[in-house]
Amino acid sequence: MTTGYKTNNKLMKNKDNVLHQLDKMDSLANQLNFIVKQEQPLEVYLEGINKLKDIIEQTRLFVESEQTMYN
């Protein structure tokens, strides 16, 4: 049995990785909201933004590798 997300009759190999990355981004967004509400130092907020950018880049690499697998 195969698992994954079907796109144009092809399975998305990195679906679990992408979903995990999206969960991490959601969690980090909630943390950033909390940082703002608690009026924590700007440096703490900027660290969170940098972490978010790293997660986005990792997710982009997963998605780009999906495209090359089928071409």
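Residues numbered from 1 in each chain as written. Predicted model: local features only at pLDDT ≥ 70, side-chain atom pairs only at ≥ 80, totals over all residues. Heavy atoms only, no water.

Undergrad: Outline the overall build of the chain, supporting the account with residue identities and numerical values.
TA: Scanning the chain from N- to C-terminus turns up two helices and two strands. Beginning at the N terminus, the succession of helices and strands in the chain can be written as β-β-α-α. When each of the 71 residues of the chain is scored for burial, the buried share is 18%. Here the analysis covers contacts within the chain between residues at least 6 apart in sequence; of these, 60% occur between residues at least 24 apart. With the model as given, the accessible surface of the chain reaches about 5,700 Å², and the carbon-plus-sulfur share is 52%. (Helix = DSSP H or I, 4+ residues; strand = E, 2+ residues; numbered from the N terminus. Buried < 20%, exposed > 50% of the residue type's maximum accessible area, 1.4 Å probe, protein only. Contact = heavy atoms within 4.5 Å. Areas by Shrake-Rupley, 256 points an atom, 1.4 Å probe, with all protein chains shown as cover.)

Undergrad: Explain the nonpolar core residue by residue, including any values.
TA: Counting residues in hydrophobic clusters, the biggest one holds six residues: Met25, Leu28, Leu32, Ile35, Leu52 and Ile55. Every element with two or more residues in this core is listed here: α1 (15–37) and α2 (42–70). Once residues lying within four places of it in the same chain are set aside, the contact partners of Ile55 are Gln21, Lys24, Met25 and Leu28. (Core = buried A, V, L, I, M, F, W, Y, C linked by side-chain atoms within 4.5 Å.)

Undergrad: Outline the pattern of salt bridges, listing residues and values.
TA: Scanning all chains against the criterion turns up one salt bridge. As a salt-bridge pair, Arg60 and Glu57 come within 3.1 Å of each other at their nearest N and O atoms. Taken as a pair, Arg60 and Glu57 lie in helix α2 at a separation of three residues, close to a single helical turn. For Glu57, a relative accessible area of 36% corresponds to the partly exposed category. (Salt bridge = Lys/Arg side-chain N within 4 Å of Asp/Glu carboxyl O.)

Shape is all these values report; function is a separate question.
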